[in-house]
Amino acid sequence: MKMTSLLIVALQIYTSLAVLGIDLSAKHDDFQCFKKNGYQFAITRAYRSYGAVDPDGYQNLEKAKAAGLIGDVYFFPCKGKKTAKSQVQEFVQLFGNQQTQVYGTVWVDVESNPSTDCGWTNDYGSNCNFLQELVNELKGNSKSVGIYASQYMWTSIFGSASACSHFSSLPLWYPHYDQTPTFDDFPKYKFGGWTTPSIKQYSGTTSVCGVGVDLNYYK
């Protein structure tokens with residue numbers, strides 16, 4: 001009986017440390033529903049893959065904050081049609097400066113971009129330099145910056161899992177759809193010099209509160 005009680009306490013402590021959240025791109029109204037379902041943070045889209053700021057993402061962010069959720073944004077950059085600086089300027093104009101912003105971290109989405117004239121190239125060094133420019137511009141506008149990427153995408157875009165490793169001081173959000181909200185899998189899928197992730201996207205498109213979202217774990 002004593003051992004059972006200790007196990008229950010341990011599970012309660014573990015659960016209290018695990019923070020679950022969602023990310024989404026579609027416009028949505030009922031963020032209170034997410035909170036009622038146990039989600040504590042929302043990451044909304046700030047910049048679209050074809051090179052345009054996302055006003056729906058800003059409205060989603062405001063609704064998430066009004067519902068009492070922690071709010072972050074993700075930035076899907078376009079390498080080609082616009083400079084890193086112009087994209088960041090567009091983002092800042094809508095999403096606010098340091099005094100008016102209502103989000104924590106800007107997560108730069110590093111994955112294949114299918115939009116015309118916006119994709120990463122076969123020049124791995126150029127790709128790494130562009131990411132550095134984007135990070136520098138965001139930091140120059142007093143933004144907290146993180147990276148969203150997988151081992152596969154990092155290797156495809158930068159040439160190897162160990163390449164372009166000078167971003168490892170930034171927080172990492174990585175996807176692995178094993179339906180398991182833990183970081184236990186990360187040693188097998190690590191890349192880019194990171195040793196510890198910050199967020200795991202553990203489930204792909206899932207219907208929650210009437211909208212398609214991805215499920216995430218933070219600890």
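Just above sits the structure.
Attention in this report is confined to the structure presented alongside it. (Residues numbered from 1 in each chain as written. Predicted model: local features only at pLDDT ≥ 70, side-chain atom pairs only at ≥ 80, totals over all residues. Heavy atoms only, no water.)

**Quick notes on the overall build of the chain**
Scanning the chain for helices and strands turns up seven helices and nine strands. Expressed along its principal axes, the backbone C-alpha trace of the chain runs to roughly 65 × 40 × 30 Å. For the chain, the residues scored as buried account for 48% of the 219 residues in total. Pairs at least 24 apart in sequence give 70% of the contacts found in the chain among residues at least 6 apart. Total accessible area on the chain is roughly 10,600 Å²; 52% of this is exposed by carbon and sulfur atoms. Across the chain, the mean location of the 18 positive side-chain charges is 5 Å away from that of the 18 negative side-chain charges. (Helix = DSSP H or I, 4+ residues; strand = E, 2+ residues; numbered from the N terminus. Buried < 20%, exposed > 50% of the residue type's maximum accessible area, 1.4 Å probe, protein only. Contact = heavy atoms within 4.5 Å. Areas by Shrake-Rupley, 256 points an atom, 1.4 Å probe, with all protein chains shown as cover. Lys, Arg positive; Asp, Glu negative; His and termini not counted. Charge placed at Lys NZ, Arg CZ, Asp CG, Glu CD.)

**Topic: the packing of aromatic side chains**
What the rule picks out here adds up to 19 aromatic pairs. Measuring from centroid to centroid gives 6.4 Å for Phe95 and Tyr103, while their planes differ by 75°, and the two rings are edge-to-face. The residues Phe95 and Tyr103 share a single accessibility class, namely buried. Residues Trp107 and Trp173 carry aromatic rings whose centres are separated by 5.8 Å and whose planes lie at 75° to one another, so their mutual orientation is edge-to-face. Taken together, the positions of Trp107 in strand S5 (residues 105–109) and Trp173 in strand S7 (residues 172–175) put the pair 66 residues apart, joining distant regions of the chain. Summarising the burial analysis for this pair, Trp107 and Trp173 share the class buried. Following the ring pairs from residue to residue traces out a cluster consisting of Trp120, Phe130, Trp154, Phe158, Phe167, Phe191 and Trp194. (Phe/Tyr/Trp six-rings, centres within 6.5 Å; stacked < 30°, edge-to-face > 60°.)

**Considerations on unusual backbone geometry**
Even without being a glycine, Ser142 presents a positive backbone phi close to 60°. Checked against the element boundaries, Ser142 lands in the loop between helix H5 (124–140) and strand S6 (144–148). Residue Ser142 is classed as partly exposed on the basis of its relative accessible area of 37%. Even without a glycine there, the phi angle at Cys164 is positive, about 50°.

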